[in-house]
Each structure stands twice: as structure tokens, then as C-alpha cells.
Amino acid sequence: MPPPPLLLLVVLATAAPGGEPAQEPAATCVDLELHTCADAAYNQTAFPTLLAHRSRAALEASPEYILLSVLHHLLEGQCNPDLRLLGCAVLAPPCQGSRTYRACRHVCQGLREACQPAFDAIDMAWPYFLDCDRYFARDEEGCFNPLQQLRRELEEEEVPPPGLPPPPIHFTHHSYAQMVRVLKGTAARCAHISTTYSIGRSFNGKDLLVIELSARPGQHELMEPEVKLIGNIHGNEVAGREMLIYLAQYLCSEYLQGNLRVQRLLNTTRIHLLPSMNPDGYEVAAAEGAGYNGWTSGRQNAQNLDLNRNFPDLTSEHYRLAGVRGARTDHLAIPQHYWWGKVAPETKAIMKWMWAVPFALSASLHGGDLVVSYPFDFSKHPEEEKMFSPTPDEKMFKLLARAYADVHPMMTDKSEQRCGGNFLKKGGIINGADWYSFTGGMSDFNYLHSNCFEVTVELGCVKFPPQEALYTLWRHNKESLLSFAEMVHRGIKGVVMDKFGKPVKNARVVVKGLRHDVTTAPDGDYWRLLPPGTHIVIAQAPGYSKVIKKVTIPARMRTAGRVDFILQPLGVGPKMVLPGPQRGALGADSLQEGLPGVRRQPPTHGGKPWWWSYLSSLSPHKPRWLLKY
């Protein structure tokens, strides 16, 4: 059982006049000298505490404090730093004017609802000292919010009034706070076509902030394709981060100024820009600075994980199934054993994002060379370090890669001595595995787990270019970024519905001769990127008869042709069942609120969870209150 709190401190004072937070009886305030709570919104606390710790030394030696200091590692970054700050408010409550104050109960309840699945995933009970009823105050009693100032520096930026002309683009490097201010400021200036949102947090608690630009920001429109561009997956490869910050400002400015090309693009496309997928790694690289950054410093996230090796290896499963007649080799489920390993919160955020938005096209911006590569990135013979390993959509992927490379002045430069000159004979593009093979990449995962076609763009040989090179990089890549985004309108699109006009969700759209299907979104709409030519297209779904159409896509066609399907229900009798995910594997439903919905490898023979021996070794007092059974 957890130790009982001091009786003296159990009773909450009623709210003081003027809505002051609930106060505890008189106490002697001392400086908050706790490393784990160093970023709390207050700087003084008092002893003894709610948990009967009578000194800083006693608190730091307690299993509660030790848990708080390692919890973000155990939960792989989930709910960090929120849970830590909430725990600090209990273990070392704020003290001011000889009074201590309790945190708000509704803050605790909100975090418990959001973070409970993370504890369930590692078979850990919710910590007793975060009992929302026992250690927190109700709003009517008066309380303080320990998370209120969590991102104060980002929220204090003044929102520009609407109608002002957009400021010029400053071709500089942006810190995390500067990046957020630019993106939010851009969204405020172009509020009718843009918005910002977070897809999750990094291991160190930074929001993975996205700016969306479209005619109706914040909502999916029927048959409007979705595009995502991602930068900074490796923290020390910063050119892509800056290019996307500049692109957001450019699209906003040009739309307001009547640029017809930009207006047409945003009126027909929903574009999502994630400038920094790895803000923690960027901080490490930026501390060294441009020109001093090493080849790998800051590459990984704060867990020392390479995010572009952290996605499920579905490519090996694709190769295995390719030899099985009738087996489905697309929309492969995530194997359960994947969750038993270390999965970065940034990786989980990307997965959750992919499940929430029906992306059709994507690019990941890197640095270190000058080339556009496309799937597969993992060789069909694993022992081969370099081997041409095409997808069924090889022709389409080459068109996508060339759309970027062919309008890039340096990728088309004829000198073999330049950066990326070794790719000149291939036109500045290459099959990923033909360059070098690796597993766990984001591009392969996009293609095999969803409808999304993703390429990798290497923007230059200098991973952290000096500031004076940024404007030239922007000039070289602006047209390529626009041209690539416009490629989402190649091929066909349409709606699959039943005879009553009701959309058919998750129907399969099959192209004969291409062993890779796409599925319909909840509204029944779909997008199928296809090269020019004649294609036999089939729509089918469980319980309906299939419909077959012949489609011709002209070579000069720049907008997707509309091809709708009306499916007729099957007659009385057994329904046709399509092959689905394999048993024991996980798909979009395996995450709840962005957290793993399955446990790590379970203990055998009634043993304790994997984390027990680790926590037990850190303190003489074993935290049995964390055991669920």
C-alpha cells in the first residue's frame, strides 16, 4: 500500500477571495532544487510534502521521485513532459508566502484519460501519487495548472491582424520557437486557407507542428487529394526543414497576391507541411552550428533512434507474399512483435497521422547528397547491399521522382564533378535499394501500409548548410516542390458508392497488371496515381459484385480523370470475402490516442513485467504499487 499522506496536509483550504488557488496550511518555503522538476513553472516548494517526504534528500531517494525521473524513457516519450510536471506538482508542490498549493483535478483527469493506454501497454499500474481524487483540488476550491506555462514562449507571440501584407521571407535558420512562431503567424495571416495543428510530440515533449494549406483548412473535401511533405527526419539534415518553412510563407503570400498557379494548387489540393519531424535531434545539431556539425551529430532522436530505420519492416513481408498466388501484398498490417521493440513517439505520430488523413502523395526531405530516390529502399535479397528492387508502381515512381529532379537546376547540371554527379546518368533519380539497401524506412512503410506514394529527396551534400546558402537552396527547390505537389493530380480519382448513392468505405480499387491496390476513404473517394496509358480498373468490396472499367490516360493530361463506380449488392447466398490483414497483426486500430494498443512481450510463467527489475534496482523500496497483478 502507498504511504499515507500527512494528516496535516490532507485538508484543502477553500478558495480564497478572488479565485486564488487552494492553499495548504502554513509552511516554510525553500528553493526547488530538484533536477527532474527544474522546468516547473515555480521555483519554491516546502517540506514535509503530501507524501511525507521531510527533506530534499528523502524525496530524491524515494521510488516515486525515481519513477518520475525515468518515466518518459519507460513510456518511450509518450505524455512527456506533462506527466513529469504533474508528478512534480504532487511530490514538490509550489510554495508561496508560506503556503503550498495543489494542482487542478481536471488537469490530472485529462492526462490520465490520454496517458492510461501508455501504462497499459507496459503492464504498469497508474502511479498512486497521481490519484486525481486524493492529491488534486477541484476547480471550485481553487487550484493551479502545472501545465499552463508549458509552452508559454510559443503562445505569447502576438497574432498579426488580418489584412496585413505578408512579411518577406527571411532566409535564415530557425530555432524551434522561431519555427513555431513563423508557422503560426503564417496561418494567422492566411487564416482562410491555412491552419496549424500538432500530430504528436517528440521524445522531449516538443510539438510536431504541421501547417496545412487548402481552400478549406481543417477538413477533407470529397475527391480533394492530400499531400504531405516532411523535413528534418534526421535532426542534422536541416535544409528540408527550412525549405518547408519558406514554402509555407511562399504559398500564403502568393495566394494573397493572386498567383494563379498557387491558387489553383491550393484550391484543388490539401497540402500538409511538417518542417521538423525530429526537433530534438535538431537542437543537438544546432548547438554545434552550421559548418561545425558532424556527419551524425543530432541525426537520431533523443532516444538515439534513427527515425528512418524505426518503421515496421513490411518490405520483407511483401517479398514473401509476392511468391504466394492470390496473396494481398498491399496495405500490410503491422506485425505484433514490432511493438515489443523500441518505437519512437515521433514514429508513432507519423503512423497515427497516416491513419487519420488519406494521403496520396508524400516526400521526405533529407541531406547528404543530391538525388531523388524512390521505393523500394530494402533489397529483395537482404544480403545484397545494392540491388535494383522496384515496386509494382515503378513507372509511376519514376515519374514522381523526375517531376522533382527535372526542374531542379543542379540535379540537371551535366557536370559529374558536382554534388550528386554520380547520379547524372540516371537523371538525378534512383531506386532506393539500388543506391543502398536498408530496412525500417518511412517510404517503404507508406507504400505498403497505406495508399500513399512517398519519395525521398536529398537536397545537397552539406547536411547543415551555412545561412548564406539558404536562399540559393530555396531558388533551386521552389519549382521542384511545386511541381512535385502537382503530381498528385496524375492518374484517376472518383467515388465508389452503392446503388443508393451511399459511399462504400474501404472498397478496393484494382488496376490490372499492377499488384498494388488502393482503398477508398470513409467518404468513398479514392485517388490512384497512374502513368499515361490504357488501364483496366476494377472496384470491389465485400458483399458487392465487382465493376470493371477501361480507362485511357493521355500523356499530356495534367488533372486526374474522374472514374466513379456504382457497386451492386450480391444476391442471396454467401458474401464474397476479400483477403484482409493476417491474423496476429496490427493495423490502424492498434493505437489508441496515438499510443500502442498492445503490450510488449508479456511476462512468462507469471513473472513480473520487463521494467520491474530495472526500477527495483534503483531504490531499496520496491514500487509494488506499480504492479497490476
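Along each chain, residues carry numbers from 1 onward, in the same order as the chain's sequence is written. With pLDDT at 70 or above as the cut-off, local features in this predicted model cover only qualifying residues; side-chain atom pairs require 80 or more to be listed or tallied, and sums for whole chains, interfaces and linings still use all residues. Only heavy atoms go into the side-chain values, all of them from the structure, while hydrogens and water stay out.

Focus on the overall build of the protein
Next up, step 1: Numbered from the N terminus, helices here are DSSP runs of H or I no shorter than four residues, and strands are runs of E no shorter than two. The secondary structure content of the protein amounts to 18 helices and 24 strands.
Next up, step 2: Across the 629 residues in the protein, those meeting the buried criterion constitute 56%.
Next up, step 3: Contacts are assigned to residue pairs with any non-hydrogen atoms lying within 4.5 Å of each other. Of all intrachain contacts in the protein linking residues separated by at least 6 positions in sequence, the fraction that spans at least 24 positions is 76%.
Next up, step 4: Working definition of accessibility: Shrake-Rupley area with a 1.4 Å probe, residue cover restricted to the visible protein chains. Accessible surface, the protein as shown: approximately 26900 Å² in total, 52% of it carbon and sulfur. Think of it in three bands: residues with accessible area under 20% of the maximum for their type are buried, residues over 50% are exposed, and the middle band is partly exposed, with areas taken using a 1.4 Å probe on protein chains only.

What to know about helix α3 (residues 63–74)
Next up, step 1: Between the first and last residue of a helix there are one fewer steps than residues, each counted as 1.5 Å, and that sum is the expected span. Over its 12 residues, α3 extends only 15 Å from the first C-alpha to the last, a length that falls short of the 16 Å expected when each residue adds 1.5 Å.
Next up, step 2: With 10 of its 12 residues buried, α3 lies for the most part within the structure.
Next up, step 3: When α3 is considered as a whole, its buried residues turn out to be P63, E64, Y65, I66, L67, L68, V70, L71, H72 and L74.
Next up, step 4: Directly after α3, the chain includes E76, whose backbone phi takes a positive value near 55 degrees.

Concerning the nonpolar core
Nonpolar side chains in soluble globular proteins generally cluster together in the buried interior.
Next up, step 1: Here, nonpolar core refers to any group of buried Ala, Val, Leu, Ile, Met, Phe, Trp, Tyr and Cys residues whose side-chain atoms link them within 4.5 Å. One finds I350 and L400 to be the most contacted residues of the largest nonpolar core, which totals 92 residues.
Next up, step 2: If we ignore the near neighbours within four places in the chain, the residues touching I350 are I199, I230, L274, M277, F311 and M442.
Next up, step 3: In this structure, A40, L68, Y101 and L615 belong to the second largest nonpolar core, which totals 51 residues.

Comments concerning the sheet that holds strand β12 (residues 429–431)
Next up, step 1: The strand order across the open sheet formed by eight strands is β5-β6-β8-β7-β10-β13-β11-β12, and the pairing between neighbours is mixed. Edge positions in the open sheet fall to β5 (194–201) and β12, since each of these has one partner strand only. Across this sheet, the average inter-strand angle for adjacent strands is 25 degrees, counted without regard to direction.
Next up, step 2: In the sheet, strand β7 (residues 226–231) pairs with strand β8 (residues 270–274) via five bridges, with the strands oriented parallel. By the bridge assignment for β8, E226 is matched with R270.
Next up, step 3: Between N-to-C directions, angles span 0 to 180 degrees; the directions come from axes that are lines fitted to C-alpha atoms, helices contributing only their stretch in contact. Running at roughly 165 degrees to strand β10 (residues 359–366), helix α17 (residues 470–486) makes contact with β7, β8, β10 and β13 (453–460) of the sheet. Think of it this way: DSSP has to see at least two bridges between two strands before they count as a pair.

A look at the side chain of D517
Next up, step 1: Within the secondary structure layout, D517 lies in strand β16 (residues 514–519).
Next up, step 2: Polar contacts here mean pairs of N or O atoms no more than 3.5 Å apart (in protein, one a potential hydrogen donor and the other a potential acceptor; neighbouring residues in sequence count only if both atoms are side-chain atoms). Looking at D517, its side chain comes within polar contact range of the side chain of R508, at 2.5 Å.
Next up, step 3: Excluding its chain neighbours within four sequence positions, the residues that come into contact with D517 are D330, H331, N451, R508, V509 and V510.

Comments concerning the sheet that holds β16
Next up, step 1: In spatial order, the strands read β16-β15-β18-β19; together these four strands make up an open sheet with antiparallel pairing. Pairing within the sheet leaves two strands with one partner each, and these edge strands are β16 and β19 (547–553). Sheet twist, expressed as the mean angle between neighbouring strand axes with direction ignored, is 25 degrees.
Next up, step 2: Sheet topology note: the strand β15 (residues 508–511)/β16 ladder contains three bridges and is antiparallel. Bridge assignment links V509 to a residue of β16, and that residue is V518.

Focus on the state of the cysteines
Covalently bonding the sulfur atom of one cysteine to the sulfur atom of another cysteine gives a disulfide.
Next up, step 1: Cysteine sulfur atoms are paired as a disulfide whenever they fall within 2.5 Å. Taken as a whole and assessed by the stated rule, the structure comprises seven disulfides.
Next up, step 2: Note that C79 is cross-linked by a disulfide to C115, the S-S spacing being 2.0 Å. The S-S bond linking C79 to C115 shows a torsion near -115 degrees; that makes this disulfide left-handed. With a gap of 36 residues between them, C79 in the loop between α3 and α4 (82–91) and C115 in helix α5 (residues 105–121) connect regions that are remote in the sequence.
Next up, step 3: At a sulfur-sulfur separation of 2.1 Å, the disulfide partner of C108 is C132. Measuring handedness by torsion sign, the sulfur bridge of C108 and C132 sits at about -75 degrees and is left-handed. Of this pair, C108 sits in helix α5 while C132 is found in helix α6 (residues 132–135), placing the two residues 24 residues apart along the sequence.

Quick word on the pairing of strand β11 (residues 369–374)
Next up, step 1: The element β11 is largely enclosed, with a buried count of six among its six residues.
Next up, step 2: Of the two faces of β11, both are covered, the one formed by D369, V371 and S373 as well as the one formed by L370, V372 and Y374.
Next up, step 3: Sheet topology places β11 next to β13; five bridges connect them, and they run antiparallel. When the bridges of β13 are listed, S373 appears paired with T456.
Next up, step 4: Pairing analysis gives three bridges linking β11 to β12, with the strands arranged parallel. The residue bridging S373 from the neighbouring strand is I430, located in β12.

Some thoughts on the side chain of H366
Next up, step 1: Examined against the element boundaries, H366 turns out to sit in strand β10.
Next up, step 2: For H366, a relative accessible area of 4% translates into the label buried.
Next up, step 3: In contact with H366, not counting residues within four places along its chain, are I233, H234, E237, N308, T456, V457, E458 and L459.

Describing the packing of α4 against α5
For any two helices packed against each other, one specifies the inter-axial angle together with the distance between the axes.
Next up, step 1: Direction vectors running N to C along α4 and α5 enclose 130 degrees, while the axes themselves pass 11 Å from each other. Compared by their axis directions, α4 and α5 come out oblique. Where α4 crosses over α5, the two elements pack in a sense that is left-handed. Here D82, L83 and L86 of α4 come into contact with α5, specifically with V107, C108, L111, C115 and F119.
Next up, step 2: Its residues assigned to classes, the contact of α4 with α5 comprises seven nonpolar, no polar and one charged. Geometric relationships in this document are graded by angle, where less than 35 degrees denotes roughly parallel, more than 145 denotes roughly antiparallel, 65 to 115 denotes roughly perpendicular, and other angles denote oblique. If you view the pair so one helix is near and one far, a crossing is left-handed when the near helix is turned anticlockwise from the far one by less than a right angle, and right-handed when it is turned clockwise. Throughout, the ten residues Ala, Val, Leu, Ile, Met, Phe, Trp, Tyr, Cys and Pro are labelled nonpolar, Asp, Glu, Lys and Arg are labelled charged, and all others, Gly among them, are labelled polar.

Quick word on the environment of L59
Next up, step 1: Its location among the elements puts L59 in helix α2 (residues 56–60).
Next up, step 2: For L59, a relative accessible area of 0% translates into the label buried.
Next up, step 3: A C-alpha to C-alpha distance of 8.5 Å links L59 and A92, two positions 33 residues apart in sequence.
Next up, step 4: In contact with L59, other than residues within four places in its own chain, are L34, F47, H53, Y65, L91 and A92.

Quick word on the environment of A302
Next up, step 1: Relative to the elements of secondary structure, A302 occurs in the loop between α11 (279–288) and α12 (315–322).
Next up, step 2: Between the C-alpha atom of A302 and that of G77, which follows or precedes it by 225 residues, the distance is 9.1 Å.
Next up, step 3: The residues contacting A302, other than those within four sequence positions of it, are F203, N204 and D280.

Looking at unusual backbone geometry
Next up, step 1: The residue after F47, namely P48, is reached through a cis peptide bond having omega 0 degrees.
Next up, step 2: Cis geometry marks the peptide bond from N80 to P81, where omega comes out at 5 degrees.
Next up, step 3: Residue position: P81 is located in the loop between α3 and α4.
Next up, step 4: Even without being glycine, S98 reaches a positive phi, approximately 65 degrees.
Next up, step 5: Tracing the backbone through its elements, the reader meets S98 in the loop between β3 (95–96) and β4 (99–100).
Next up, step 6: Residues other than glycine seldom take positive phi values, yet N506 does so here, at roughly 60 degrees.
Next up, step 7: Assignment of secondary structure puts N506 in the loop between β14 (492–498) and β15.
Next up, step 8: The partly exposed category is assigned to N506, whose relative accessible area is 48%.

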